[in-house]
Amino acid sequence: MNDKVHIPPELIPRETPTRWHLWFLGAFLLLAAMMYLFYVYPDSNIGPEQPIPFSHRLHAGVKAIDCRFCHSYVASGPRAGIPVMEKCFYCHEYIIPLHPEIEKERQFYESGNGVPWVRVYNVPDHVQFHHQPHISWAGLECTRCHGEVERMDRLKSVSFRMEFCIGCHREMNAQVDCWLACHH
Ligand code: HEC
Ligand code: HEC
Ligand code: HEC
Ligand code: HEC
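About the cut-offs
Residues numbered from 1 in each chain as written. Chains lettered and ligands numbered in written order. Predicted model: local features only at pLDDT ≥ 70, side-chain atom pairs only at ≥ 80, totals over all residues. Heavy atoms only, no water. Donors = N, O, S within 2.8 Å, 3.2 Å for Na, K, Ca; no water. Tetrahedral: all angles 85-135°; square planar, octahedral: opposite > 155°, others 65-115°. Helix = DSSP H or I, 4+ residues; strand = E, 2+ residues; numbered from the N terminus. Buried < 20%, exposed > 50% of the residue type's maximum accessible area, 1.4 Å probe, protein only. Phe/Tyr/Trp six-rings, centres within 6.5 Å; stacked < 30°, edge-to-face > 60°. Lys NZ or Arg CZ within 6 Å of the ring centre and 35° of its normal. Near = heavy atom within 4 Å. Polar contact = N/O pair within 3.5 Å; in protein donor to acceptor, adjacent residues only side chain to side chain. Nonpolar A, V, L, I, M, F, W, Y, C, P; charged D, E, K, R; others polar. Salt bridge = Lys/Arg side-chain N within 4 Å of Asp/Glu carboxyl O.

Student: What exactly am I supposed to notice about the coordination of the iron atom of ligand 2 here?
Tutor: Ideal coordination angles are 109.5 degrees for a metal with four donors arranged tetrahedrally and 90 or 180 degrees for a metal with six donors arranged octahedrally. For the iron atom of ligand 2, the full set of protein donor atoms is His56 (NE2) and His71 (NE2), at a range of 2.0 to 2.1 Å. Here the iron atom of ligand 2 binds 6 donor atoms, and the angle range of 87 to 179° at the metal identifies the geometry as octahedral. In this pair, His56 is assigned in helix H2 (residues 56-62) and His71 in the loop between helix H3 (67-70) and helix H4 (85-92), connecting sequence segments 15 residues apart. Assessed through its relative accessible area of 15%, His56 is described here as buried.

Student: Sorry if this is basic, but what is going on with the packing of aromatic side chains here?
Tutor: What characterises a pair of aromatic rings is the spacing of the ring centres plus the angle enclosed by the ring planes. Evaluated as defined, the whole model comprises 5 aromatic pairs. Where Phe69 meets Tyr90, the ring centres are 5.6 Å apart and the plane angle is 50°; that geometry is what we call tilted. Of this pair, Phe69 sits in helix H3 while Tyr90 sits in helix H4, placing them 21 residues apart in sequence. Site record: aromatic cluster; members linked through ring pairs are Tyr121, Phe160 and Phe164. In this arrangement the basic side chain of Lys87 is found over the ring face of Phe69, its NZ or CZ atom lying 5.5 Å from the centre.

Student: Just to check I follow, could you spell out the site of ligand 2 for this structure?
Tutor: The environment of ligand 2 is formed by 21 residues, the closest being His56, Cys67, Cys70, His71 and Val120. Separating an oxygen atom of ligand 2 from a side-chain N or O atom of Gln50 is a distance of 3.3 Å. Among the secondary structure elements, those contributing two or more residues to the shell around ligand 2 are H2, H3 and helix H7 (142-146). Considered class by class, the residues forming the shell around ligand 2 number 14 nonpolar, 4 polar and 3 charged.

Student: Is there a simple way to think about the pattern of salt bridges in this case?
Tutor: Opposite charge on two side chains permits pairing when their charged atoms draw close. Within this structure, the stated rule accounts for 5 salt bridges. Note that Glu148 is salt-bridged to Arg151, the shortest N-O span being 3.4 Å. The class of Arg151 is exposed, set by a relative accessible area of 60%.

Student: Before we go on, may I ask you to explain the coordination of the iron atom of ligand 4 in this structure?
Tutor: For the iron atom of ligand 4, every protein donor is listed as His134 (NE2) and His169 (NE2), and the spread of their distances is 1.9 to 2.0 Å. For the iron atom of ligand 4, the 6 donor atoms in the first shell make angles of 87 to 180° at the metal, a pattern classed as octahedral. With His134 in helix H6 (residues 131-137) and His169 in helix H8 (residues 162-171), this residue pair connects regions lying 35 residues apart in the sequence. Taking relative accessible area as the criterion, His169 reaches 12% and is therefore assigned buried.

Encoded structure:
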């Protein structure tokens, strides 16, 4: 009965366990890198924290509220304007009025000082930028200069440089003379 050939186990090649460990470690590192790219990296790339975590992604994206409802002067004046708080309460009188962030908003409102929003976009001091010709004459989309605001929770800080203005003016055959060359 005992006629099986005995082969010593060390002669049979096997995957060593360390190789599997390496695969596992590799997969884990890859996952960690992906989680970093998806969750941590975008956050390190966004703008300053605001006194109230107002989200453009939610309001202008998901709820599709028109930019101009809040930034009413964008087509008619130099500045787009930050909305007065009455605009927030146009909705938030009824929508989630007891949400802690809305209550905070109400405290700012009742203090009479408004929300101290942190500025995000800037041009150098000597440059005067007016929205009106860009919006109502040239018909440019907000995204051309501000990026996809409706997909951002917190807006990224951008300092516009002269090349940004001049590059587009050349491309679109808009004027590039004195007002850009001679600093105000
Ligand atoms: C046209 C209506 C409308 C206006 C105007 C509006 N919101 Fe909202 N807001 C909403 C809706 C809808 C939600 C989602 C409510 C929900 O989660 O059920 C929301 C949610 C929020 C939230 C909670 C977000 C969260 O994390 O859950 C905050 C904070 C907020 N809004 C702040 C503001 C501020 C500040 C303003 C003014 C600058 C404003 N909203 C103007 C409709 C509006
Ligand atoms: C419900 C009101 C609301 C809507 C709709 C809205 N915004 Fe805003 N926006 C704000 C508020 C409040 C701030 C100031 C807080 C901040 O910077 O997030 C702001 C800030 C900004 C700023 C930065 C201003 C700075 O500090 O330099 C830009 C640019 C802007 N919005 C563009 C847009 C565009 C483009 C859209 C449409 C896709 C839009 N917004 C829709 C309320 C709104
Ligand atoms: C041609 C480029 C350009 C376009 C298009 C543009 N913006 Fe701007 N925006 C700027 C620049 C540059 C600034 C900074 C101006 C400054 O600091 O004086 C700015 C600032 C802002 C601000 C904050 C300060 C302010 O003006 O009240 C808001 C809000 C804003 N833009 C909203 C909008 C919206 C909404 C649209 C689309 C309807 C839009 N912008 C289209 C270039 C642009
Ligand atoms: C994405 C393209 C684009 C960018 C970026 C841009 N512009 Fe313009 N700009 C235009 C166009 C197009 C016109 C011409 C509008 C018309 O007359 O129809 C114009 C017109 C102007 C005018 C003349 C308005 C008048 O009275 O004739 C000034 C001033 C101006 N831009 C300043 C700036 C400054 C400052 C910046 C940078 C902060 C800038 N622009 C960025 C496209 C752009």
